[in-house]
Amino acid sequence: MARYMRPPNSSLFVRNISDESRPEDLRREFGRYGPVVDVYIPLDFYTRQPRGFAYIQYPFPKLLLCSCLTNNIASLSSRADLWFVMF
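These figures come from a predicted structure and were not determined experimentally.

Student: It is not clear to me how the overall build of the protein should be interpreted in this structure. Could you clarify?
Tutor: Within the protein, the secondary structure is distributed over two helices and four strands. Mapped in sequence order, the helices and strands of the protein form the string β-α-β-β-α-β. For the protein, contacts bridging at least 24 residues in sequence account for 62% of all contacts bridging at least 6. By element, 56% of the accessible surface of the protein is carried by carbon and sulfur atoms, the whole surface being about 6,100 Å².

Student: Even after reading the chapter, I still don't get helix 1 (residues 23-30), so can you show me in this structure?
Tutor: Since one α-helical turn is 3.6 residues long, residues separated by three or four positions face the same way. Buried residues of helix 1: Asp25, Leu26, Glu29 and Phe30, and no others. In an axial view of helix 1, the angular spread of the buried residues amounts to 110°, which keeps them on one side of the axis.

Student: Would you take a moment to explain unusual backbone geometry for this structure?
Tutor: Peptide bonds are, in most cases, trans, and in most cases residues other than glycine have a negative phi. Even without being a glycine, Asn16 presents a positive backbone phi close to 60°. Secondary-structure assignment places Asn16 in the loop between strand 1 (11-15) and helix 1. Backbone geometry at Arg48 places phi at a positive 60°, although glycine is not the residue there.

Student: Explain the nonpolar core to me, please; I cannot follow it from the model alone.
Tutor: Soluble globular proteins tend to bury their nonpolar side chains together. One finds Leu12, Val14, Ile17, Leu26, Phe30, Tyr33, Val36, Val39, Ile41, Ala54, Ile56 and Tyr58 forming the largest nonpolar core, which totals twelve residues. Sorting the residues of this core by element identifies strand 1, helix 1 and strand 3 (53-57) as the ones contributing at least two each. Setting aside residues no more than four positions away along its own chain, Ile41 makes contact with Ile17, Ser21, Arg22, Pro23, Leu26, Pro50, Phe53 and Ala54.

Student: It is not clear to me how the pattern of salt bridges should be interpreted in this structure. Could you clarify?
Tutor: Oppositely charged side chains may form a pair once their charged atoms are brought near each other. A complete count under the given rule lists four salt bridges for this structure. The residue Asp25 makes a salt bridge to Arg22 at a minimum N-O spacing of 3.1 Å.

Student: Honestly, the packing of aromatic side chains in this entry has me stumped. Any pointers?
Tutor: The tally for this structure, following the rule as stated, stands at five aromatic pairs. Taken together, a centroid distance of 6.4 Å and an interplanar angle of 15° make the contact between Tyr40 and Tyr55 stacked. On the criterion of sequence distance, the pair formed by Tyr40 in strand 2 (residues 38-40) and Tyr55 in strand 3 is long-range, its members being 15 residues apart. For the pair Phe53 and Tyr55, a centre-to-centre distance of 5.9 Å together with 85° between the ring planes defines the contact as edge-to-face. Residue classification places Phe53 among the buried positions, given a relative accessible area of 17%.

Reading the values: the criteria
- Residues numbered from 1 in each chain as written.
- Predicted model: local features only at pLDDT ≥ 70, side-chain atom pairs only at ≥ 80, totals over all residues.
- Heavy atoms only, no water.
- Helix = DSSP H or I, 4+ residues; strand = E, 2+ residues; numbered from the N terminus.
- Contact = heavy atoms within 4.5 Å.
- Areas by Shrake-Rupley, 256 points an atom, 1.4 Å probe, with all protein chains shown as cover.
- Buried < 20%, exposed > 50% of the residue type's maximum accessible area, 1.4 Å probe, protein only.
- Arc of directions from axis to C-beta.
- Core = buried A, V, L, I, M, F, W, Y, C linked by side-chain atoms within 4.5 Å.
- Salt bridge = Lys/Arg side-chain N within 4 Å of Asp/Glu carboxyl O.
- Phe/Tyr/Trp six-rings, centres within 6.5 Å; stacked < 30°, edge-to-face > 60°.

Laid out in structure tokens, this is it:
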């Protein structure tokens, strides 16, 4: 057994979010499926505008699966897509 066991990552990659989306909006929407640890929306280095995707981190991988299978995100953006990001 390894000396250091890293817990499984439980990040959800959401792409094609609108530029007006805020971390609070994503936390509220995805928080319906369990506690959200972190919401990260990367910004462009030069323009400081959102790059159009976000990462939602849950404490447990099981919550990630429930959120991805049952989430209706039409209220966030008409062009948003969900993807698993498991490291």
